[in-house]
Amino acid sequence: MALETSLEKPAPVRTIANAITGWIDRLGVVWVEGQVAQVSRRPGVNTVFMTLRDSVADISVPVTCSRVLFDGLEPPLVEGASVVIQAKPSYYANRGTFSLYARDIRMVGLGELLARLEQRRQLLAAEGLFALERKRRLPFLPGRVGLITAPRSAAEKDVVENATRRWPGVEFETVYAAMQGTRSALEVIEALERLDGRADVDVIVIARGGGSVEDLLPFSDEGLVRAVAKAGTPVVSAIGHEPDTPLLDLVADVRASTPTDAAKLIVPDVATETTGVAHARDRLRRAVRTQLAREEAGLHALRSRPALADPRTLLDVRADELVGLCDRIRRTLGHRLDRAADDIAHQRARARALSPLATLQRGYAVLQDDAGHVVTSAAGVDAGAAMSVRVADGRIHVTTTHAELEETHGE
């Protein structure tokens, strides 16, 4: 029943608060449909806090549930999911706040779809398709950019115009495909395979504007995700706006938040690069000048040394050393030749002294019979025998008249 109040008899705050509490308590348990806008799980707290937002009006209400209920949901509850909650409304008079305490949570419609996408994301991530080590670097300056987008779309205009403005010489190979609808994923896969098969395409951009979760579903298609992972050409995902995160963003080599951002990622800015080249050229000139000055100073220091100032000084010193060495060699060789000559003379004198000819030159002679035998004894020599006497300078032929023996005295 309505409270009876007036200017003269106003109701205190506690009365109004208690009345509101009573009215809300009389609602009992209700089923509420909405979209989960925020989930907060505080460590050590057994209560999970959420915000349930109306899908049409800009109205939201806080929701609490037990951690057991939240953790038991299959598939897991994610932000953005559409749900139907069985809850008990509560009004906390002390804080003047209204909230729902969830007893059961059912995901329906888009929420169920998002849950399935989350499950698909987990399965593909487990296969390693989203791993960072699989991602490739974009070429610094691609010769030709492959673009997959809808015909006459704002995304195409954003990519082409911004890229051309940054680098006027960039070339595009555009393949049109449906960016929405049931055939979108298949057409994008075909366009991707077509561009990936061209050797002159260095990078591929898949671009479309923002949209609802349902509009972006083709870009979470498992077949498209696997096709991008299999592609040999680096792929840039430019799907939707910053908050949109289809699975294509996770598997692509580079994620662009918008088609305009994709243009900035695929080609450098010609003005920035020109300035960089000018600065690099200046640094190179300074480095070359510094190096030349250093080398010139080193060369001057070398030339100022006495040995290089007058190179003949070294030659004169070496020439004097060479003359001295030659003199030493001559003296040493002369001494050795003199000693060798003396040794030869001594050996020759000894050989001559021991030779029979030297004995004959001292007055001795060798007596031989007519047969050429040396006669060493008078015995056996007959008178009238023909003999020859060998002297130092010839031979004398004689005939014996007689021979006599002489007695020899020994010790």
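These remarks concern the structure in this document.

Procedures and definitions
Residues numbered from 1 in each chain as written. Predicted model: local features only at pLDDT ≥ 70, side-chain atom pairs only at ≥ 80, totals over all residues. Heavy atoms only, no water. Helix = DSSP H or I, 4+ residues; strand = E, 2+ residues; numbered from the N terminus. Rg over C-alpha atoms; globule rule 2.2 N^0.38 Å. Buried < 20%, exposed > 50% of the residue type's maximum accessible area, 1.4 Å probe, protein only. Contact = heavy atoms within 4.5 Å. Areas by Shrake-Rupley, 256 points an atom, 1.4 Å probe, with all protein chains shown as cover. Lys, Arg positive; Asp, Glu negative; His and termini not counted. Charge placed at Lys NZ, Arg CZ, Asp CG, Glu CD. Pairing = 2+ DSSP bridges. Axes fitted to C-alpha atoms, helices over the stretch in contact; angles between N-to-C directions. Core = buried A, V, L, I, M, F, W, Y, C linked by side-chain atoms within 4.5 Å.

Along the backbone of the protein there are twelve helices and 13 strands. In terms of overall dimensions, the protein is more spread out than a globule: its C-alpha atoms have a radius of gyration of 61 Å, far above the 22 Å expected for 411 residues. Principal axes of the C-alpha set define a box for the protein whose edges measure 200 × 60 × 55 Å. Relative to its full complement of 411 residues, the protein shows a buried share of 30%. Long-range contacts, defined as pairs at least 24 residues apart, comprise 60% of the intrachain contacts of the protein with a sequence gap of at least 6. Of the roughly 26,800 Å² of accessible surface on the protein, 54% is carried by carbon and sulfur atoms. Taking the 52 positively charged and 55 negatively charged side chains of the protein as two groups, their mean positions are separated by 7 Å.

Strand pairing in a sheet relies on backbone hydrogen bonds. The paired strands run either parallel or antiparallel. In spatial order, the strands read β1-β2-β3-β5-β4; together these five strands close into a barrel with mixed pairing. Strand-to-strand twist of the sheet, defined as the mean angle between neighbouring strand axes without regard to direction, takes the value 55°. Direction of pairing for strand β4 (residues 82–92) relative to strand β5 (residues 97–107): antiparallel, over a ladder of ten bridges. Paired with valine 83 across the two strands is methionine 107, which belongs to β5. Its contacts with the sheet place helix α1 (residues 13–25) against β4 and β5, and it is angled at close to 145° to β4.

Read across the sheet, five strands follow the order β7-β6-β8-β9-β10 without closing on themselves; strand pairing throughout is parallel. Among the strands making up the open sheet, the edge pair consists of β7 (172–176) and β10 (254–255). The pairing of strand β8 (residues 203–208) with strand β9 (residues 235–239) spans five bridges and is parallel. Among the inter-strand pairings, valine 205 is bridged to a residue of β9, identified as valine 236. The sheet strands contacting helix α5 (residues 184–196) are β6 (145–149), β7, β8 and β9, and the helix crosses β6 at an angle near 170°.

This part takes up the nonpolar core. Ranked by internal contacts, the top residues of the largest apolar core, which has 29 residues, are Ile148, Val188, Ile206, Phe219, Val228 and Val251. At the level of secondary structure, the elements contributing two or more residues to this core comprise α5, β8, α6 (222–230), β9 and α7 (247–251). If near-sequence neighbours (up to four positions away) are discounted, valine 251 is found in contact with Leu129, Phe130, Lys135, Val225, Val228 and Ala229. Residues Met50, Val63, Leu69 and Ala81 belong to the second largest nonpolar core, which totals 23 residues.

Okay, the environment of isoleucine 239 next. Its location among the elements puts isoleucine 239 in strand β9. Put simply, isoleucine 239 and proline 259 are 20 residues apart on the chain and 7.3 Å apart in space, counted from C-alpha to C-alpha.

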